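Analysis of the macromolecular model
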Amino acid sequence: MAVIGGHGKVALLLAPLLVADGHEVTSIIRNPEHAPDVEATGATARVADVEQLDTDGIADVLRGHDAVVWSAGAGGGAPERTYAVDRDAAIRSMDAAAQAGVRRYVMVSYHGAGQDHGVDPDDAFYAYAQAKADADTYLKRTDLAWTILGPSRLSQDPGSGRIATPGVEDAAASRANVAAVVVATLDRPDLAGRTIEFNDGDTPIAEALADLG
C-alpha cells in the first residue's frame with residue numbers, strides 16, 4: 001500500500017490503521033526529516049518528491065504496491081504550487097499507477113469538488129478548488145479502479161467511527177474518521193468508480209459504506 005503525502009495529518013492517522021489491518025505501508029514523503037514521524041506509525045518512509053518527479057519516476061516508487069492513496073497537497077500558498085501538486089503531480093501519479101500496474105487508487109478530495117465548484121476566480125481558494133476539480137476529472141477518465149472521497153470541513157476531533165453520507169458541505173469530518181473511511185474503502189473494491197461525500201454522523205462507517213454497495 002502506497003500513501004502519497006505520508007506526513008500529512010490524515011496520512012499519519014491512516015498509516016497505523018492500515019498496518020493494524022495487515023497492510024504493508026509505504027508512506028511517500030518529500031522531506032527526509034519527516035521519516036521518523038512516519039516510521040513511528042509502522043509504515044516504511046520513502047523519500048520521493050512527487051512534485052519534481054516525472055511519471056516514470058513516480059511509477060518506480062509505486063511499482064510493487066497493490067493500491068495507492070493520494071493524501072498529498074500543497075497546503076495553500078502560491079497558486080502555481082497548488083496547481084503543481086494538487087493537479088499536475090496528482091495526475092502524474094495516476095498515469096504512474098497505471099504504468100506500474102497498480103489499479104486501485106483512492107483519492108482524498110473534498111466535499112463539493114468538481115468543475116461546478118462555483119468558487120470565484122478572485123477567491124484565494126480558487127486555485128485549490130480548480131486543481132482538485134481537474135485532478136478528480138482526470139481520475140474518473142482513467143481505467144484505474146478509483147474511488148474519490150469527499151469529506152466535509154476537516155476537524156481535529158477524535159474519530160467516532162461513524163459518518164453520514166451523502167455529507168453536508170459545511171458540516172465537520174474528523175481527520176480520524178477520514179482515515180478510517182480510507183481503510184474501509186480499500187477493503188471494498190466494489191466501491192470503485194464511486195465518489196463518496198461524507199461528514200461525521202451516526203452510522204458506523206462499515207454500515208454506511210455497505211449501504212452504498
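Placed above this text is the structure.
These notes cover the structure that comes with them.

The rules behind the values
Residue indices follow the written sequence of each chain, beginning from 1 at its first position. Confidence filtering applies because this is a predicted model: local features only for residues at pLDDT of at least 70, side-chain atom pairs given and counted only at 80 or more, and all residues used for totals across whole chains, interfaces and linings. Working from all heavy atoms in the structure, the side-chain values ignore hydrogens and water. Secondary structure elements follow DSSP: runs of H or I of four or more residues count as helices, runs of E of two or more count as strands, with numbering from the N terminus. Working definition: with a 1.4 Å probe on protein chains only, accessible area under 20% of the residue-type maximum means buried, over 50% means exposed, and in between means partly exposed. The charge count treats Lys and Arg as positive and Asp and Glu as negative. His and the chain ends do not count. The working definition used for a salt bridge is a side-chain nitrogen of Lys or Arg within 4 Å of a carboxyl oxygen of Asp or Glu. Polar contact is defined as a pair of N or O atoms within 3.5 Å, subject to the rule that within protein one atom must be able to donate a hydrogen and the other to accept it, and that residues adjacent in sequence are counted only when both atoms are side-chain atoms. Only heavy atoms enter the contact rule, under which two residues are in contact if any of them lie within 4.5 Å. Whether two strands pair comes down to DSSP finding at least two bridges between them. Handedness is read with the strands pointing away from the viewer; a crossover is right-handed when the path from the first strand over the helix to the second is clockwise. Aromatic pairs are defined between Phe, Tyr and Trp rings, using the six-membered ring for Trp, whenever the two ring centres lie within 6.5 Å; interplanar angles under 30 degrees are classed as stacked, those over 60 as edge-to-face, and all others as tilted.

The next point concerns the side chain of R104. Here R104 shows up in strand β5 (residues 104-108). Within the buried set, R104 has no salt-bridge partner at all; the shortest N-O distance to an opposite charge, 7.0 Å, is to D190. Within the structure, R104 has its side chain in polar contact with the backbone oxygen of T185 (distance 3.0 Å). Excluding residues within four positions of it along the chain, R104 makes contact with D66, A67, V68, A145, W146, T147, T185, L186, R188, P189 and A192.

This part is about the pattern of salt bridges. In the structure shown here, the tally under the stated rule is four salt bridges. Between R81 and E51 there is a salt bridge; the shortest N-O distance is 3.0 Å. Here R81 is found in helix α4 (residues 79-100), whereas its partner E51 is found in the loop between β3 (44-47) and α3 (55-62), with 30 residues between them in sequence. A salt bridge links D88 to R87, with the shortest nitrogen-to-oxygen separation between them at 2.7 Å. You can call D88 partly exposed: its relative accessible area is 29%.

This part takes up the pairing of β5. Walk down a regular strand and you will see the side chains alternate between the two sheet faces. Where burial is concerned, most of β5 is hidden: five out of the five residues are buried. Side chains of β5 alternate between two faces, with R104, V106 and V108 and Y105 and M107 buried alike. Here strand β4 (residues 67-70) pairs with β5 via four bridges, running parallel. The partner of V69 across the bridge, within β5, is V106. You can see the chain leave β4, run along α4 and come back into β5, and the turn it takes is right-handed. Across five bridges, the pairing between β5 and strand β6 (residues 145-151) is parallel. The partner of Y105 across the bridge, within β6, is W146. You can see the chain leave β5, run along helix α5 (residues 126-140) and come back into β6, and the turn it takes is right-handed.

Time to look at the sheet that holds strand β1 (residues 2-4). Neighbouring strands of a sheet are bound in pairs by backbone hydrogen bonds; such pairs are parallel or else antiparallel. The mixed open sheet is built from nine strands, whose spatial order is β3-β2-β1-β4-β5-β6-β10-β8-β11. Of all strands in the sheet, those bounded by a partner on one side alone are β3 and β11 (203-204). As defined by bridge partners, strand β8 (residues 162-164) adjoins strand β10 (residues 194-200) across two bridges and the pair is classed as antiparallel. Bridge pairing links I163 to D200 in β10.

One pass over the structure, following the stated rule, counts three aromatic pairs. For the pair Y110 and Y128, a centre-to-centre distance of 5.6 Å together with 35° between the ring planes defines the contact as tilted. Taken together, the residues span a long stretch of sequence, with Y110 in the loop between β5 and α5 and Y128 in helix α5 at a distance of 18 residues. Using a relative accessible area of 14% as the deciding quantity, one classes Y110 as buried. Looking at Y128, the relative accessible area reads 27%, which means it is partly exposed. Plain terms: the ring middles of F125 and Y128 are 5.4 Å apart, the flat faces sit at 50° to each other, and that makes the pair tilted.

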